[in-house]
Amino acid sequence: MLDQYFSAPKTLARLRAGLSGPYIDGFADALEQDGYSQGSAVRYLRAAAHLGHFLQGNGGTLADISASTLDAFHRHLPRCHCPFSNGGRANHHVFFGAKRFHAYLFQRGVCQNDPVPRLQNPEPALITSFREWFQRHRGAVEPTLRQYCRGAADLVNTLGEDVSQWNGQQIRTFLLDRANQCGKSTAEKLITAMRAFLRYLSFRGLCRIDLDQAVPTLAHWRLASLPQCLKSEEVDRLITACEGSSTRRLRDRAMILLLVRLGLRAGDVAQLRLGDLEWESGTLRVLGKGRYEVRLPLPQDAGDALLRYLECRPEAGRTDRVFVRNIAPFKLFVSGHCVSGVVKRALRRAGVTTAAKGAHLLRHTAATEMLRHGVPLAQIGLVLRHRSIDMTAYYAKLDVAVLKQVAQPWPEVNS
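Residue numbers restart at each chain and count upward from 1, following the sequence in its written direction. The model is predicted, so local features are restricted to residues of pLDDT at least 70 and side-chain atom pairs to those at 80 or more, both for listing and for counting; the totals for chains, interfaces and linings are taken over all residues. To get the side-chain values, all heavy atoms of the structure are used, and hydrogens and water are removed first.

Peer 1: Requested: an account of the pattern of salt bridges, with residues and values cited.
Peer 2: Each salt bridge in this description consists of a side-chain nitrogen of Lys or Arg and a carboxyl oxygen of Asp or Glu lying within 4 Å of one another. Tallied over the full model, the rule gives 18 salt bridges. Here Asp177 and Arg178 are joined by a salt bridge, their closest N and O atoms 2.8 Å apart. Given the relative accessible area of 34%, Asp177 is considered partly exposed. The residue Arg251 makes a salt bridge to Asp252 at a minimum N-O spacing of 2.9 Å. Take Arg251 and Asp252: they sit in the same class, and that class is buried. Linked by salt bridges that have partners in common, Asp276, Glu278, Arg285, Glu293 and Arg295 make up one network. Remark: exposure states derive from per-residue accessible area (1.4 Å probe, protein chains only) relative to the maximum for the residue type, with buried under 20%, exposed over 50%, and partly exposed in between.

Below you can see the structure in the form of structure tokens.
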């Protein structure tokens, strides 16, 4: 397989020499199977050979490769004078190629040092049980669990593992101290996590029953702000910016249309599976927060965009996820943050400037577009999967025409 990337006999002989030589052809096969482009594979193969010569020059072996070895190799690159480097010295692709070669050698059993470092401090048993309980009873997804458990672990590390000795004063002092070190949004998330954790402890009888009542509340005026959304012409520019025949553009267009037409959350799009696309009925099954499942009508343009993308969708193992990364190796989206990244890049290509740039901007846009077209708030709430009409009422403030009809004139002041 190495001959597919290189043809010069001297180059082939050089790559097959040194410590990396016996594994270079297999590494080339692995890169081809993972879908790496010709250019990336060439750079990574050169990097693998370079790493072998670096180890040999320092008296090491492939079995010794570890994170510290790769760090030393990284520091070596800017001042490299290896006669066999021939692939760039300070180029970041060299380091990435070495890391990929390390992962390949670990999979083959050549080296014993795992390329994915393990946590030095394992999660406390109390936090692990809270994670399992919250996932089982609330249907929380991994990003939410990670956020809640991080705050809970911070609380345990600060106040001690004997939760039966905690009191309200300690809880308030802890949260006020943390609130002074972060922004309002982070503090609100921490407060929510603390309440959930303390209620879990109370449920298990590990702490005082009313301890969650000691968690202070930040001042907040509900519905005080306006939802940030795009104008109709900006939506058209955003969709136009995703036109093209490449796999990346087809994927981006399908994702953008789902977000802006149905108001899906970023996590909904990241977790979407092939079985959720019910083509015969023209519906889309969405499993959102708290395992709340609903079927939504699939718009024609979004369905067409999905079909075009699925025709050229990269193979990503045996996964049934609809959307995958467009750069090899074609892995799954880790979380909704990856979907928001797609939206941010599309907004930049479209030349649309807004304060909010993530996928939730398109959820707000979908709601306001439905409102502009006369869709009742109750139906908008069904599409957005709101559990309370009060949440949907947030968007009513954007219907200026209706608000003008109910607005009372400002009373004149008689002097």
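Peer 1: Give a detailed account of the pairing of strand β2 (residues 283-287), specifying residues and quantitative values.
Peer 2: Each pair of strands is called paired provided DSSP finds at least two bridges between the two strands. Under the scheme used here, helices are H or I runs from DSSP no shorter than 4 residues and strands are E runs no shorter than 2 residues, and both carry numbers assigned from the N terminus. The sheet contact formed by strand β1 (residues 277-278) and β2 spans 2 bridges and is antiparallel. Bridge pairing in β2 places Leu277 opposite Leu284. Here β1 hands over to β2 after 4 residues, with Gly282 in that stretch at a positive phi of 65°.

Peer 1: Requested: an account of the sheet that holds strand β3 (residues 293-297), with residues and values cited.
Peer 2: As summarised here, the arrangement of the 3 strands in space is β1-β2-β3, forming an open sheet in which the pairing is antiparallel. The open sheet is flanked by β1 and β3, the only strands paired with a single partner.

Peer 1: Got a sec to walk through the packing of aromatic side chains? Specific residues and values, please.
Peer 2: In this analysis, rings of Phe, Tyr and Trp, with Trp reduced to its six-membered ring, are considered paired at centre separations within 6.5 Å, and the interplanar angle assigns stacked below 30 degrees, edge-to-face beyond 60, and tilted for intermediate values. This model, assessed by the stated rule, comprises 15 aromatic pairs. Between Phe130 and Phe197, the aromatic rings sit 5.1 Å apart at their centres with planes inclined by 75°, giving edge-to-face as the arrangement. A residue pair is termed long-range when its members are at least 10 positions apart, and Phe130 in helix α6 (residues 125-138) and Phe197 in helix α9 (residues 184-203) qualify at 67 residues. Considered together, Phe130 and Phe197 belong to a single accessibility category, that of buried residues. Following the ring pairs from residue to residue traces out a cluster consisting of Phe130, Trp133, Phe134, Tyr148, Trp166, Phe197, Tyr200 and Phe203.

Peer 1: Give a description of the environment of Val156 that names residues and reports values.
Peer 2: The topology assignment puts Val156 in helix α7 (residues 142-159). On the basis of relative accessible area, Val156 is assigned to the buried category, the value being 5%. Taking the C-alpha atoms as reference points, Val156 and Pro124, separated by 32 residues in sequence, lie 9.1 Å from one another. Any pair of residues with heavy atoms lying within 4.5 Å of one another is described as a contacting pair. Non-local contacts of Val156, meaning those with residues more than four positions away in its chain, are made with Leu126, Ile127, Glu161, Trp166 and Phe197.

That is the geometry; function is a separate question.
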